[in-house]
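Take a look at the letters that make up each chain.
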Amino acid sequence: MYRYDEFDEKFVRERVAQFREQVQRRLDGSLTEAEFKPLRLMNGLYLQLHAYMLRVAIPYGVLSADQMRALADIADRYDRGYGHFTTRQNIQFNWPKLVDTPELLDALADVQMHAIQTSGNCIRNVTSDPLAGVAADEVEDPRPTAELLRQWSSLHPEFSYLPRKFKIAVSGSPNDRTAVFFHDVGLRIVRSQSGEVGYQVIVGGGQGRTPVIGAVLRDFLPKGELLGYLEALMRVYNLHGRRDNKYKARIKILVRALGVEAFRSEVDAAYAAAPGPSFELEREELARIAAYFEAPRLPDRENVVGLSCVVRAKDPRFLRWLGRNCSTHKVDGYSAVTVTLKRVGGEPGDASSSAMRTLAALADEYSQSELRVTHEQNIVLPHVASRRLYSLWQELEGAGLGDGNRGLITDIIACPGQDYCALATARAIPVAQGIAASFAAPQDQEDIGPLSIKISGCINACGHHHVGHIGILGLEKGGQEFYQVTLGGDATETPAIGERAGPGFSSSEIVGAVERLVARYREQREGNETFLETYRRVGLKSFRESLYAADT
Amino acid sequence: MQLIRDGRFVCDRWIRIGAETASEGGDSNPAAGCEPADDGRPTLVRGSEIGFDLDPDTPMDRMRHLAKHAALLVVRFPSPTDGRGFSVARTLRDSGFGGELRASGPLIADQYDFLLRSGFDSVEIPRALAKRQPEKFWRDGMNGLGDTYQPRDAEHRAILRRRHATTLGSTERTHAGGESLP
Ligand code: SF4
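> Please clarify how the interface of chain A and chain B should be interpreted in this entry.
Note: interface size is frequently given as the accessible area lost on complex formation between the parts. Taken together, the contact pairs 47 residues of chain A with 39 residues of chain B. For chain A, the biggest contributors to the area lost against chain B are F7, P157 and Y161 of chain A; these three give 20% of the whole. Summed over the shared surface of chain A and chain B, the result is 8 salt bridges. The shortest N-O distance in the salt bridge between D94 of chain B and R235 of chain A comes to 3.8 Å.

> Explanation requested: the pattern of salt bridges in the structure shown.
Side chains that differ in charge, positive against negative, can pair when their charged atoms come close. In the structure shown here, the tally under the stated rule is 64 salt bridges over all chains. Where D447 of chain A meets R525 of chain A, a salt bridge forms, and the shortest distance between an N and an O atom there is 3.0 Å. In this pair, D447 of chain A is assigned in helix α15 (residues 442-448) and R525 of chain A in the loop between α16 (510-524) and α17 (531-538), connecting sequence segments 78 residues apart. The exposure class assigned to D447 of chain A is partly exposed, which follows from its relative accessible area of 36%. With relative accessibility at 23%, the residue R525 of chain A sits in the partly exposed group. Ionic contacts of the salt-bridge type, sharing partners, join the residues D5, D8, E147, R150, E285 and R288 of chain A together with R163 of chain B into one network.

> How do you make sense of the confidence of the model for chain B when you look at a structure like this?
When pLDDT drops low, the exact placement of atoms in the prediction is not to be read closely. Residues and elements named next belong to chain B. Averaged over all residues, the pLDDT of chain B is 80; the fraction at 70 or higher stands at 75%. Considering each helix and strand of chain B separately, the mean pLDDT is smallest for helix α1 (residues 18-24), with a value of 46, and largest for strand β7 (residues 100-104), with 98. Low pLDDT (under 50) marks residues 20-36, which in the prediction has 14 contacts with non-local residues, meaning those over four places away or in another chain. Considering only residues more than four positions removed or in separate chains, one finds that residues 170-182, a stretch of pLDDT under 50, has 2 contacts. The ipTM assigned to the predicted complex is 0.90, against a pTM of 0.91.

> What am I meant to see in the packing of helix α5 (residues 143-153) of chain A against helix α6 (residues 226-240) of chain A here?
Helix-helix packing is described using two parameters, namely the angle between the two axes and the distance between the axes. All names here are of chain A. Look at α5 against α6: their axes get within 12 Å of each other, and the N-to-C directions meet at 50°. In terms of their interaxial angle, α5 and α6 are classed as oblique. Helix-helix and strand crossings are classified by hand; for α5 and α6 the assignment is right-handed. Only L226, L227, L230, E231 and M234 of α6 make contact with α5, whose side of the interface consists of T145, L148, L149 and W152. Of the residues assigned to the contact of α5 with α6, the class counts are 7 nonpolar, 1 polar and 1 charged.

> Just checking my understanding: could you explain the sheet that holds strand β14 (residues 370-373) of chain A for this structure?
Sheets are built from strands paired through backbone hydrogen bonds, the pairs being either parallel or antiparallel. Residue and element names in this part refer to chain A. As summarised here, the arrangement of the 5 strands in space is β3-β14-β15-β12-β11, forming an open sheet in which the pairing is antiparallel. Two strands close off the open sheet at either side, each with one partner strand: β3 (62-64) and β11 (326-328). Going from strand to strand, the sheet's axes swing by 30° on average, the running direction of each strand aside. Examined bridge by bridge, strand β12 (residues 334-339) and strand β15 (residues 379-385) share 5 bridges and lie antiparallel to one another. Across the sheet, the residue bridging to V337 is L381, located in β15. The strands touched by helix α12 (residues 353-366) within the sheet are β12, β14 and β15, with β15 carrying the most contacts at an inclination of about 25°.

> Any chance you could explain the site of the ligand here in plain terms?
Every residue close to the ligand is listed here: C415, P416, G417, C421, L423, A424, G457, C458, N460, A461 and C462 of chain A. Considered class by class, the residues forming the shell around the ligand number 8 nonpolar, 3 polar and no charged.

> Just to check I follow, could you spell out the sheet that holds strand β2 (residues 52-57) of chain A for this structure?
Residue and element names in this part refer to chain A. Strand order in this open sheet of 5 strands is β1-β2-β5-β4-β13, and the pairing throughout is antiparallel. Of all the strands in the sheet, the pair left with one neighbour each is β1 (45-47) and β13 (350-352). In this sheet, neighbouring strand axes are inclined to one another by 30° on average, regardless of whether the strands run parallel or antiparallel. Looking at chain direction, β2 and strand β5 (residues 90-94) are connected through 5 bridges and run antiparallel. The partner of A57 across the bridge, within β5, is N90. Packed on one face of the sheet, α12 meets β4 (82-85), β5 and β13 and runs near 80° to β13.

> Would you explain the nonpolar core in this entry?
Soluble globular proteins tend to pack their nonpolar side chains together in the buried interior. Residues and elements named next belong to chain A. Core analysis: the largest hydrophobic core is formed by 144 residues, its most contacted members being L149, F166, L233 and F263. When residues of this core are assigned to their parent elements, the largest contribution, 10 residues, is made by α6. Setting aside chain neighbours within four positions, we find F263 in contact with V203, L217, L233, V236, I251, L254, V255 and L258. With 34 residues, the next largest nonpolar core counts V431, V485, L517 and V518 among its residues.

Definitions and limits used
Residues numbered from 1 in each chain as written. Chains lettered and ligands numbered in written order. Predicted model: local features only at pLDDT ≥ 70, side-chain atom pairs only at ≥ 80, totals over all residues. Heavy atoms only, no water. Contact = heavy atoms within 4.5 Å. Buried area = accessible area lost by both parts, 1.4 Å probe. Salt bridge = Lys/Arg side-chain N within 4 Å of Asp/Glu carboxyl O. Helix = DSSP H or I, 4+ residues; strand = E, 2+ residues; numbered from the N terminus. Buried < 20%, exposed > 50% of the residue type's maximum accessible area, 1.4 Å probe, protein only. pLDDT = per-residue confidence, 0-100. Axes fitted to C-alpha atoms, helices over the stretch in contact; angles between N-to-C directions. Parallel < 35°, antiparallel > 145°, perpendicular 65-115°, else oblique. Left-handed = near helix turned anticlockwise from the far one by under 90°. Nonpolar A, V, L, I, M, F, W, Y, C, P; charged D, E, K, R; others polar. Pairing = 2+ DSSP bridges. Near = heavy atom within 4 Å. Core = buried A, V, L, I, M, F, W, Y, C linked by side-chain atoms within 4.5 Å.

Shown next as structure tokens:
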């Protein structure tokens with residue numbers, strides 16, 4: 001994985017020193033709160049419902065075991081023993097005190113981590129595929145590009161005071177695991193007809209109040225032109241994006257207002273007018289970074305024995321986990337293992353400091369000291385020898401992390417909702433817990449198969465409900481929470497925004513509503529059809545009938 | 001307004017003429033001098049040199065046109081978070097403007113480094129703000145970010161150039177030894 005050199009190290013240390021001094025000036029009054037706000041946001045510090053919250057970047061989702069342990073220590077020292085993994089490959093800590101944050105940032109810098117640009121109206125932490133460098137379907141590892149973008153966007157002189165936040169995702173595989181169609185800019189590494197590797201550029205996707213599927217801006221952008229082209233694109237947005245209304249300030253609104261064609265000509269004109277990007281040596285730097293991401297040398301031999309030892313294990317819980325949570329690895333005899341942070345009764349994405357330490361130790365023991373964080377709020381151990389899967393699973397099981405439910409109905413994404421978030425209109429976590437409890441039986445989950453439920457506590461859609469096969473949006477009317485259901489959303493390379501099913505449900509009705517949807521799917525499915533496939537075939541109407549059957 | 005150049009509070013030699021010009025035309029609004037003129041007449045003079053105030057939403061073609069005649073361009077920042085001026089500066093510099101580029105508005109010292117790296121030479125801020133943000137803040141803010149990944153106008157602080165110094169050095173040697181440069 002990438003390691004800071006002296007320059008990166010110094011850069012991050014200087015940010016901490018600078019923030020320490022800014023906090024001091026805020027405390028002594030030479031900075032007003034209004035002036036301080038963009039500065040603290042650029043260092044990941046939010047003012048939440050009850051206290052501050054610090055959001056730490058996990059660039060493109062890659063973590064070392066040592067970094068995970070450092071996060072566990074931070075959770076103990078500054079939070080209440082928990083870290084919350086978000087849907088954008090960040091980890092959040094609640095409750096830090098303003099005066100303590102520089103020290104916390106120091107602790108992060110000690111393990112080459114930071115909170116730079118995890119919030120504020122700037123280019124945010126760049127996200128990528130949690131199976132990068134592992135997945136067999138990859139055209140090219142997306143992490144070097146993501147790291148290049150991290151450096152290029154860090155304290156960019158021109159793009160640090162944008163109309164609104166700006167999120168970039170990079171995918172290296174035709175099968176999209178990074179939701180590239182739902183980012184301000186999505187990059188897909190593709191191969192041209194002549195075999196050259198470059199980027200497909202997608203712009204203007206997003207969720208929030210106005211969900212939009214991104215449009216293809218450039219079908220093929222040669223390598224070496226990436227940063228120059230992105231600067232032209234960002235320049236058009238920075239100059240023309242709306243600043244009068246923060247709900248209309250994202251690039252998707254600008255692209256929609258101009259139309260993709262007109263937006264494309266603006267970008268092309270800006271690209272032609274610029275002498276070159278502000279970041280030099282793009283190709284050289286990309287090559288330098290790529291060297292850090294060479295596939296880890298996996299000790300060969302015995303592993304070809306692989307699964308045969310494993311399959312002798314008869315434990316049905318293990319077999320379920322093996323089927324659901326283990327993915328094939330580029331290298332024969334290895335697997336990438338997903339650990340779902342979705343215990344029934346737990347909070348989606350939350351990890352206790354002891355769970356974090358367990359995962360770090362398991363990464364040391366089984367996965368070359370490496371972990372990944374997914375936008376599904378789960379953790380991946382990317383390089384596990386297949387013959388050791390059973391013993392890994394036993395250890396996970398012992399720590400309460402052995403659920404084989406990846407991608408199943410209990411692998412729910414939920415934002416913090418009213419339990420933590422100042423903007424929430426309803427609770428999200430208890431709904432996730434209610435649904436998980438209702439479908440707790442593993443055979444049931446297996447029978448239902450792949451089904452993604454995503455829950456947001458308000459219209460800002462941090463829980464990505466628009467792209468859930470079943471999306472749930474918590475709202476409020478007359479002091480009562482109610483939940484709107486959308487159906488058929490899809491965050492992958494066949495993107496779709498969920499359709500509104502009809503009137504909302506109260507907090508006591510919502511779990512029953514999901515049960516009726518699942519029952520309808522089981523009646524209607526043909527052969528091995530998944531929920532989404534059935535939905536696409538039979539349409540909204542049939543599911544709507546099941547939802548509102550009780551009323552009619 | 002307080003003018004800041006090279007990290008110091010300095011006197012402004014430029015004279016705003018917008019107000020007088022406007023009153024000749026029958027408009028006696030004293031604030032007119034701070035508004036960008038849209039009639040093509042300069043709003044600032046220094047000896048025989050002229051300058052213009054630019055609003056960030058002035059069309060780019062018009063900005064480039066004014067830039068041809070100006071020794072000073074003042075880009076207005078309506079608020080510290082309205083970052084259009086950064087792109088205005090970059091675009092003007094890219095199109096070859098070599099005169100003084102000034103940022104004007106309620107900007108803070110923490111933004112100084114961003115302003116300089118975008119191509120500005122000077123900043124002017126309201127007097128009241130200059131009281132809270134004295135000269136020392138601006139001196140510290142001048143290279144406040146230390147080394148950066150985007151070099152452009154600050155060679156010695158350019159991480160990439162130093163990181164690849166060996167590679168670059170060898171390319172240069174190759175060129176020097178060859179017959180012709182591309
Ligand atoms: S969706 Fe709303 S409630 Fe949930 S985290 Fe985002 S802002 Fe908060």
